[in-house]
Amino acid sequence: MNEISRRKLLFGAAASAATGALARFRQSHAAGRPALPVPPELRADAKGVIALRAISGQQQFLPGIAPPTYGVNGPFLGPAIRVRRGERVTLQVANEINEDITMHWHGLKIPGELDGGPYNVINPGKSWEPTLNIAQPAATCWFHPHLYPTTAELVIKGLAGLFIIDDEESEALGLPSHWGIDDIPLILQDRRFNGDGSFFHRFNMIDITAGYVGDIMLVNGAVYPEARTARGWLRLRLLNGSNSRSYRLALSDGRSMYVVAGDGGLLSEPMALKELMLYGGERYEVLVDARNGAPFDLLTRPVDQLAMNLPPFDADLNLITLRPDGAESGGTLPEKLVDLPPLVTDLPPVSQNLVMEMRLDDQGMGQLKSAGLMKMNKAKKTDPKVVAAVTKLITEGPALPLDQRLSANAVNGAPFKIGDVPIAAPIDTELRWLISEGSDRMLHPVHIHGCQFRILALDGKAPPAFMAGWKDVAPIAKGGSAEIQVRFEHPASKEHPFMAHCHNLEHEDSGMMTAFTVS
């Protein structure tokens, strides 16, 4: 980590009363950095069962900071579930923690009753055993709770993991595929700690406006780890598992990242980028040329997202060091990947509008403006007094009463409510949907369940090439819109509908979600 990045990391931690622990962590670097935790792969047993246990635990993130955690088959986060296209698996989800959960298979094309949304509640001491037919191309998906209105807090505590689909077509390409050696999973999450070392979270005015604002970065649950990898082409599977934060990713020595896959699978050909925006819930697979064996860092640069430019995120922040000093790997970067079906040229007119709405953003924005955040942003220079004032709003602003929180945000004029299913979509029909935010200008990465869609236009223009493949998250901001081509292949009833929502989890948990049937 360079000196500027370490200084910014220390500055951010001070605001969360974790200064001492972070200083000790900084001093301990000479003695060795944490190794990147690599989630174990978990495949179905001989009976086709994948056993998952949601459990309580404890994990140390910084010296003296070891909060109570939740995890799946471990104390924090979960395994990497691996299935194959054409496989039939039963996911045996046991809830061994002391509160209700659900488990949503984010990115999978499955019926509504198996989706794991807010209607698939698993009570403490109970299990849920959906059987899934895997009928979609190779992709990096993920799983996390979807309980309303506590998804945000459950994810903060650690309930999340990767869900990877393999198939013969992707395996024939020769992409790096040695797990943890040249195929490296990277789950990016920000956190903030209370003075007693527990995770911070509070549904106050700033939270339901800007979302969760952490000041410590975790990669697979570790602070600034390093990974010793093979020498050669490396495949980085990137998941933005943060509640609200977006990332502008780059490599420390300026080398290119070659995007080979998005949310729902491989692109038609690799796309070379120097920077990659990664929004909430999104996944991208990128290849990096590490044949020269030189180490490099993955870093994130400041983003244009309200309240997300406080230290240490006001400058380049190194996230992980990769040291390709192992044996030569056999992975390659193909010139061509897969044939994506052409976009439908005769789509019908827009049949469904999804308008993201914020009802209290004037109050939240007003507080941030009074604290000087907008002025600091315009000056593009960090002001410690403003940082302290904004941090106080984040950490000390009073929690909203439940009824006020649950009506703070909405879709199409109505906050989410269990039992209300206002939208109906036809099955096996190519549709044109429009996602927008009206007068709202906040960032909303919008996720739609039960499908993988294609983005036709972002703000009226063709999407960038790396977003032209299969997607399940469409980011909109600054009054923008996303027009998509979508087809629902599986049914969803009123008893178990699909969801469409902002994947800023604090927005979702305060009403920015709606339900729909497919039949």
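Residues numbered from 1 in each chain as written. Predicted model: local features only at pLDDT ≥ 70, side-chain atom pairs only at ≥ 80, totals over all residues. Heavy atoms only, no water.

Even after reading the chapter, I still don't get the packing of aromatic side chains, so can you show me in this structure?
In this description, a pair of aromatic rings is defined by centroid distance and the angle of the planes. Under the definition given, this model contains 16 aromatic pairs. For the ring pair W433 and F488, a centre distance of 5.3 Å and an interplane angle of 50° mean the geometry is tilted. Residue W433 is found in strand 25 (residues 431–436), and its partner F488 is found in the loop between strand 29 (481–486) and strand 30 (498–502); the two are separated by 55 residues along the sequence. For the pair shown, W433 and F488 are each scored as buried. Three or more aromatic residues link up through ring pairs in this structure, and these residues are F61, F76, F193 and F199. The cationic tip of K109 hangs over the ring face of W470; the distance from NZ or CZ to the ring centre is 5.9 Å. (Phe/Tyr/Trp six-rings, centres within 6.5 Å; stacked < 30°, edge-to-face > 60°. Helix = DSSP H or I, 4+ residues; strand = E, 2+ residues; numbered from the N terminus. Buried < 20%, exposed > 50% of the residue type's maximum accessible area, 1.4 Å probe, protein only. Lys NZ or Arg CZ within 6 Å of the ring centre and 35° of its normal.)

Help me out: how do you make sense of the pattern of salt bridges in this one?
Any two side chains of opposite charge can pair, on the condition that their charged atoms come close. Across all of its chains, the model carries 30 salt bridges by this definition. The closest approach of N and O atoms between K336 and D339, which form a salt bridge, is 2.8 Å. Taken together, the shared-partner salt bridges connect D263, E282, R283, K471 and D472 into one network. (Salt bridge = Lys/Arg side-chain N within 4 Å of Asp/Glu carboxyl O.)

What am I meant to see in the environment of M356 here?
Position of M356 relative to the elements: it lies in strand 22 (residues 352–358). Residues M356 and V219, 137 residues apart in the sequence, show an inter-C-alpha distance of 30 Å. If we ignore the near neighbours within four places in the chain, the residues touching M356 are A410, V411, I435, S436, E437, D440, H444, V446, I476, C502 and M512. (Contact = heavy atoms within 4.5 Å.)

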